[in-house]
Amino acid sequence: MSVKVGEPVGARREDVRGRAVLERVAGSQVVWIALILAAMVVVFGVLRPHSFATSFNLLNLVSDAAILLLLAIGMTFVIVTSGIDLSVGGVLVFSAVTAAKAMSAVGAESGTALWLGPLAAVATGLAWGALNGFVVAYGRIPALIVTLGTLGMSLGGALLITGGVDLRASSRLNLGLGLDKDLGVPDLVWISAAVTVALAVLLAQCRFGRHTYAIGSNTEAARRAGVRVERQLVKVYGLAGLLAGLAGYLSLAKYGITGVSAHSTDNLQAIAAVVIGGTSLFGGVGTVLGTVIGVFIPAVLQNGFQILGVKPFWQQVVVGAVLIVAVYLDQWRRRAGDH
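These numbers were taken from a predicted model, which means no experiment stands behind them.

## Topic: the packing of helix α3 (residues 55–80) against helix α12 (residues 266–276)
Contact geometry for α3 and α12: axes closest at 8 Å, N-to-C directions at 65°. Our pair here, α3 against α12, has a crossing hand that is right-handed. For the pair α3 and α12, contact is made by Leu68, Leu71, Ala72, Met75, Thr76 and Ile79 and by Asp266, Asn267, Gln269, Ala270, Ile271, Ala273 and Val274, respectively. Residues that form the contact of α3 with α12 fall into these classes: nine nonpolar, three polar and one charged.

## Quick word on the nonpolar core
By size, the foremost hydrophobic cluster in this structure holds 84 residues, and its most contacted members are Leu71, Phe77, Leu173, Tyr249, Leu250 and Ile297. No other element matches the 14 residues that helix α11 (residues 229–255) contributes to this core. In contact with tyrosine 249, other than residues within four places in its own chain, are Ala99, Met103, Leu114, Gly117, Pro118, Ala121, Leu173 and Leu177.

## A word on the pattern of salt bridges
Under the defined criterion, the tally for this structure stands at five salt bridges. Here lysine 254 makes a salt bridge to aspartate 64, at a shortest N to O gap of 3.6 Å. Residue lysine 254 is found in helix α11, and its partner aspartate 64 is found in helix α3; the two are separated by 190 residues along the sequence. Overall, lysine 254 belongs to the partly exposed group, its relative accessible area being 21%. Aspartate 64 gets classed as partly exposed once you look at its relative accessible area, which sits at 47%.

## Let's talk about a positive patch on the surface
Among the surface-exposed residues, Arg207, Arg210, Arg228, Arg231 and Lys235 lie close enough to one another that they form a single positively charged patch. Of all elements in the fold, only α9 (207–217) and α11 reach the threshold of two or more residues within the positive patch. Inspection of the secondary structure assignment puts arginine 231 in helix α11.

## Section: the UniProt feature "transmembrane region" (unreviewed entry) in the chain
With numbering aligned to this structure, UniProt lists the feature "transmembrane region" (unreviewed entry) at residues 29–47, 59–80, 113–135, 141–162, 183–204, 268–301 and 313–329. The span residues 141–162 carries 91% helix and 0% strand; its end-to-end C-alpha distance comes to 31 Å. With 82% helix and 9% strand, residues 183–204 has its two end C-alpha atoms placed 29 Å apart.

## Points about helix α5 (residues 111–138)
Here α5 contains 28 residues, and its C-alpha end-to-end distance of 41 Å stays within 8% of the 40 Å for a straight helix at 1.5 Å per residue. Within two residues after α5, arginine 140 carries a phi angle of roughly 55°, on the positive side.

## Considerations on α9
For α9, every residue scored as buried is listed here: Phe208, Gly209, Thr212, Ile215 and Gly216. Axial view of α9: buried residues confined to an arc of 125°, hence all on one face. Opposite the packed face of α9, turned more than 90 degrees from it, sit the exposed residues Arg207 and Ser217. At its buried positions, α9 is contacted by α3, α8 (187–205), α10 (219–224) and α11.

## Considering the packing of α3 against α11
Put simply, α3 and α11 touch, their axes get as near as 8 Å, and they point 170° apart. Our classification of the angle between α3 and α11 gives roughly antiparallel. Taken together, the residues of α11 that come into contact with α3 (itself represented by Ser63, Asp64, Ile67, Leu70, Leu71, Ile73, Gly74, Phe77 and Val78) are Val236, Tyr237, Leu239, Ala240, Leu243, Ala244, Leu246, Ala247, Leu250, Ser251, Lys254 and Tyr255. Taken together, the residues of the contact of α3 with α11 break down into 16 nonpolar, three polar and two charged.

What counts and what doesn't
Each chain carries its own residue numbering, running from 1 in the direction its sequence is written. Residues qualify for local features only when their pLDDT is at least 70, as the model is predicted, and side-chain atom pairs are given and counted only at 80 or more; totals for whole chains, interfaces and linings, by contrast, use all residues. Calculated side-chain values reflect all of the structure's heavy atoms, with hydrogen atoms and water omitted. Lines fitted to C-alpha atoms define the axes, with helix axes restricted to the stretch in contact, and inter-axis angles between N-to-C directions lie between 0 and 180 degrees. Working definition: helices are DSSP H or I runs of at least four residues, strands are E runs of at least two. Numbering for both runs from the N terminus. Throughout, a crossing is termed right-handed when the near helix is turned clockwise from the far one, and left-handed when it is turned anticlockwise from it by less than a right angle. Contact between two residues is taken to exist if any of their heavy atoms lie within 4.5 Å; hydrogens are not considered. For this classification, the nonpolar set comprises Ala, Val, Leu, Ile, Met, Phe, Trp, Tyr, Cys and Pro, the charged set comprises Asp, Glu, Lys and Arg, and every other residue, Gly included, is treated as polar. Only buried residues count toward a nonpolar core. Its members are Ala, Val, Leu, Ile, Met, Phe, Trp, Tyr and Cys residues joined through side-chain atoms within 4.5 Å. For every residue, the accessible area (1.4 Å probe, protein chains only) is compared with the maximum for its type, and the residue is labelled buried under 20%, exposed over 50%, or partly exposed between those bounds. In what follows, salt bridge is the name for a side-chain nitrogen of Lys or Arg lying within 4 Å of a carboxyl oxygen of Asp or Glu. Distance thresholds for patches are 9 Å for like charges and 5 Å for nonpolar side chains (Val, Leu, Ile, Met, Phe, Trp, Tyr), applied to residues having over 30% relative accessible area and no salt bridge. In these tables, accessible area is a Shrake-Rupley quantity obtained with a 1.4 Å probe, and a residue counts as shielded only by the protein chains included in the view. Neither His nor the chain termini are counted; the positive set is Lys and Arg, and the negative set is Asp and Glu. Every charge is mapped to an atom, namely NZ of Lys, CZ of Arg, CG of Asp or CD of Glu. UniProt positions are given in the numbering used here, feature names are shortened, and annotations may be inferred rather than shown by experiment. The span you would expect from a helix comes to 1.5 Å times its residue count less one. In this description, the arc belongs to the directions extending from the helix axis to the C-beta atoms. Roughly parallel refers to an angle under 35 degrees, roughly antiparallel to one over 145, roughly perpendicular to one between 65 and 115, and oblique to any angle outside these ranges.

Below, the structure is given as structure tokens:
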């Protein structure tokens with residue numbers, strides 16, 4: 001590096017540090033996928049300005065993505081530890097069924113049901129998540145196998161409880177939380193946004209997040225540094241289950257039914273959103289912001305294709321291609337970092 005005579009040493013250091021920050025930002029996958037998302041919005045907005053680029057359509061788009069976003073954020077924490085959780089769709093359904101049953105038991109239209117329902121859903125989701133974490137951490141069974149098993153158990157349990165027939169939400173819940181808006185934005189979106197911001201801070205700024213990254217980067221090194229790895233894994237999977245439980249309750253409020261057979265691919269959609277958002281399947285790398293963008297890329301594609309009259313199958317093709325490219329970029333970045 002050339003040095004100018006009379007240039008302060010501190011200024012030179014700040015200049016080098018500034019260039020390093022700019023290089024990291026320019027090479028960040030989050031930045032690139034954000035630009036892709038912005039380009040998609042602009043393209044669809046130009047092609048169908050009176051259909052796509054309307055407040056009504058955009059609010060519907062955000063509202064539809066709010067529930068998947070909760071699943072994807074929980075999945076982000078899990079994948080950062082280099083784990084996986086295939087059970088979130090089943091846990092969502094089971095939690096919705098539990099909430100509907102609990103509310104029905106005390107009178108679905110009563111005031112008690114309005115706080116008992118979300119409590120039952122969240123507690124159920126937390127229990128499933130903690131079970132996943134306990135078996136993965138202390139049973140030393142691969143997360144893929146454990147969560148595949150609990151996916152079948154939770155979906156099967158929901159079918160046993162309901163007899164395979166969807167339960168209906170109370171009209172007070174469906175017409176209340178399901179439709180209520182504040183400042184023109186659905187309450188479901190406000191809830192999802194508040195959870196997203198809180199967990200973004202938790203992952204990026206708090207000790208819980210640092211321990212989560214440490215486990216994903218090098219489990220043995222994290223253990224030697226004093227991280228209680230097993231306990232942390234139980235917490236991470238418990239968090240993912242809790243968010244799936246909350247998503248189940250919000251889904252019950254939004255759609256008015258438990259949707260026993262409607263969430264079979266939610267786990268794959270959540271994983272795709274997380275990976276597209278720049279979280280590494282190898283662990284140790286990922287952000288909640290990236291996941292938010294990763295959730296909205298397929299949501300915008302689906303919405304835009306529907307408005308353009310494109311067959312919905314193309315949306316699956318494009319999202320699949322984007323997912324493969326995202327994984328390739330992650331592997332390329334890891335190989336470049338090793339040299």
